[in-house]
Amino acid sequence: MSESPTGASSGPAPFDWMAPALQSLEQSHLRRRRREIIPRPGCRAVVDGRDVVNFASNDYLDLAGDPRVVAAAQRALTSSGVGARASALVCGRTPWHVALERRIARFERQTDALLFPTGFAANLGTVGALVGKGDVVFSDRLNHASLIDGCRLSGAQIQIYDHHNLGELARALRDTPTTGRRLIVTDSVFSMDGDLAPLPRLCDLAEQHAAMLLVDEAHATGVFGAHGRGVSEHQGVEERELIRIGTLSKAVGTLGGFVAGPALLIDWLWNRARPQVFSTALPPAICAAAEQALEIIETEPARRRQLFERSEMFRAELRRAGISTVTNAEGPIVPVLLEHPQRAVQVAERLEQAGFFVGAIRPPTVPPGTSRLRITLSSGHDWRDIEQLLASLSSSLEAC
Ligand SMILES: *Cc1c(COP(=O)(O)O)cnc(C)c1O
C-alpha cells in the first residue's frame, strides 16, 4: 500500500501487474525482444553490428529498396509533402491515391479498388462492413490476427473451423441457423505455414450456402499466379464472386491494404469500412511507390518465376537433409518446425551468429507446440546465400 499526497491510502500502483506478467512470459520463453535492423541492399541487413543475410522479411520480390520505387516516392514527396493531411473522404485522396486505386483495379482485373492504411485495417474494416449482429462469420482456425479481430469486432456470431477442414465448414454452414448474412473468411496463403486455402472448393461451398467469401491475399499478391494476382489466379477462381483483399506491404514492398472488386462492393466499403473512414489516408509518396512497384511486378515476371524455382529447390534440399517443414506448402514461406519455443529461439540465435537472420515464431502467433523458424525467400537472394543458410541450418539444428 502506498500513501497518496492527500494522505489517503491507495491500492497497488496501476502498472504493478505488468512486471510479473512479463516475468511469466520470460519463463515460458515467450517474451518478445525488440531488435534494431538496418536494411542493406541485396536482402542484407546489419543487426547488433553484425552483417546478416535477411531471411525474415516479406519483401519477396526485393522491391522495398528498388531504385525505381524509391525515385517514384521521392518525386511525389517533393511535390506533395509527407502526410496525406486527412482521411480519404475529407481531403486526403490526392491524384496519387486515385492513380493507385486505378492501377490496382487494372492489375487485379477488377472494376474498382479501395485503399486502406494497412492490410490489417483492410481486414478489420471489410469484415466489419460486411457482417454485424445477427449475421454469422465462418473462419479458418489459422487465419491471420487481423481477420480474427475483424470477426470479433463485427459483432457477428463466429464459427471457427479447423484448418482446411471443409467437412466441418460445410456442416457449420448447414447447421447454423440465421436469417442474416453469412461470410466465410480465409487467408489464401497462410502466413506462418505457407500452405494454400482450397479456393475452388471454398467457392463451391459459398455458392451452395448463399454465403459471401472473403480471401486475404496478403502473402500472395505479386507472388502467386502467372501474373501475380494471387492464389485466386493460381487456382483459377478469378471469375468467381469473391472479395479479394491484398496488401502493399509485402511483395509490393511499400505499405497499405486494398480491396479490389465490383463497383458496388467498393462503394459500400467507402461508406461503411471504419478504418478507411476514420483513419488518415496513406502518404501520397507511398502510393506513387506502390504504383511503380506494381508496374515492375507486371513487367518483370522472371522475378516471380525465379522465386518459385528457388523455393522449390530449397524445400527439396530441406527434405533431403531430413529437416521437418510443412509438407503441403508452396512458395517463398518455408517454416522449419521445432515444437518448443526455446529451441526456436536458440536455433535462430545460432543462425544469426553465423550471419543469417530468420524469424523465430512462437505462440500466440502459432499454436502451442508448433514453434518454428519462419524462413522467407526473396528474388533478391543469391542461390549461394541459400546454400550457405542450408549448411548453417543443419549444423545449428544438430548443436541445439
Ligand atoms: C501481414 C498480413 C496482414 C496485414 O498486412 P499489413 O499490410 O502488414 O497490415 C493481413 N493478413 C495476412 C494474412 C498477413 O500476413
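Calculation rules
Residues numbered from 1 in each chain as written. Predicted model: local features only at pLDDT ≥ 70, side-chain atom pairs only at ≥ 80, totals over all residues. Heavy atoms only, no water. Pairing = 2+ DSSP bridges. Helix = DSSP H or I, 4+ residues; strand = E, 2+ residues; numbered from the N terminus. Near = heavy atom within 4 Å. Polar contact = N/O pair within 3.5 Å; in protein donor to acceptor, adjacent residues only side chain to side chain. Areas by Shrake-Rupley, 256 points an atom, 1.4 Å probe, with all protein chains shown as cover. Nonpolar A, V, L, I, M, F, W, Y, C, P; charged D, E, K, R; others polar. 1 Å grid on protein atoms, 1.4 Å probe; cavity = no way out; pocket = protein on both sides within 12 Å on 5 of 7 lines; lining within 4 Å. Points joined across faces, edges and corners; volume = space filled by probe spheres on them. Buried < 20%, exposed > 50% of the residue type's maximum accessible area, 1.4 Å probe, protein only. Right-handed = clockwise from strand over helix to strand, strands pointing away. Axes fitted to C-alpha atoms, helices over the stretch in contact; angles between N-to-C directions. Parallel < 35°, antiparallel > 145°, perpendicular 65-115°, else oblique. Left-handed = near helix turned anticlockwise from the far one by under 90°. Contact = heavy atoms within 4.5 Å.

Undergrad: What is the right way to look at the sheet that holds strand β3 (residues 37–40) in this model?
TA: What holds strands together in a sheet is hydrogen bonding between their backbones, with the strands either parallel or antiparallel. Spatially, the four strands line up as an open sheet ordered β3-β4-β5-β14, and their pairing is mixed. Edge strands, defined here as strands with exactly one partner in the open sheet, are β3 and β14 (356–357). In the sheet, β3 pairs with strand β4 (residues 44–47) via four bridges, with the strands oriented antiparallel. Bridging across to β4, isoleucine 37 finds its partner in valine 47.

Undergrad: Looking at this structure, I do not really get the site of the ligand. What am I missing?
TA: Neighbouring residues of the ligand: 14 residues in total, closest Asp216, His219, Thr247, Ser249 and Lys250. Here a nitrogen atom of the ligand sits 3.4 Å away from a polar atom, N or O, in the side chain of histidine 144. Relative to its unbound accessible surface of 380 Å², the ligand loses 86% to contact with the protein. For the shell around the ligand, the leading source of residues is helix α5 (residues 119–130), giving three residues. Partitioning the shell around the ligand into residue classes produces two nonpolar, nine polar and three charged.

Undergrad: How do you make sense of empty space enclosed by the protein when you look at a structure like this?
TA: Over the atoms rolls a probe the size of a water molecule, and in doing so it shows where empty space is left. Throughout the structure, instances matching the rule amount to three cavities of 30 Å³ or more. In this structure, the largest cavity spans a volume of roughly 100 Å³. Surrounding the largest cavity, 14 residues form its lining, Ala88, Leu115, Gln276, Ala281 and Leu282 being those nearest its centre. Elements with a minimum of two residues in the lining of the largest cavity: α4 (95–107), β6 (112–116) and α11 (274–278). Grouping the constituent residues of the lining of the largest cavity by class yields eight nonpolar, four polar and two charged.

Undergrad: Sorry if this is basic, but what is going on with the pairing of strand β10 (residues 212–216) here?
TA: Residues in a regular strand point their side chains to alternate faces of the sheet. By the criterion of burial, β10 is predominantly enclosed, with four of the five residues buried. Pairing of strand β9 (residues 182–187) with β10, which is carried by five bridges, proceeds in the parallel orientation. Bridge pairing in β10 places valine 185 opposite leucine 214. Crossover connection from β9 via helix α8 (residues 199–208) to parallel β10: handedness right-handed. Pairing analysis gives three bridges linking β10 to strand β11 (residues 243–247), with the strands arranged parallel. Directly across from valine 215, in β11, lies its bridge partner arginine 244.

Undergrad: When you look at the pairing of β6 in this model, what are you seeing that I'm missing?
TA: Across the five residues that make up β6, a large majority, four, are buried. Pairing between β6 and strand β12 (residues 257–261): five bridges, direction antiparallel. Note that in β12 the partner of phenylalanine 116 across the bridge is glycine 257.

Undergrad: Which parts of the structure should I look at to understand the packing of helix α2 (residues 67–80) against helix α12 (residues 284–299)?
TA: Packed helix pairs are characterised by how far apart their axes lie and by the angle those axes make with each other. Packing of α2 against α12 brings their axes to within 7 Å, and their N-to-C directions diverge by 150°. Considering the angle they form, α2 stands roughly antiparallel to α12. In this structure, α2 meets α12 at a crossing whose hand is right-handed. From α2, Arg68, Val69, Ala72, Ala73, Ala76, Leu77 and Ser80 reach across to α12, where they touch Pro284, Ala285, Ala288, Ala289, Gln292, Ala293 and Ile296. Tallied by class, residues from the contact of α2 with α12 come to 11 nonpolar, two polar and one charged.

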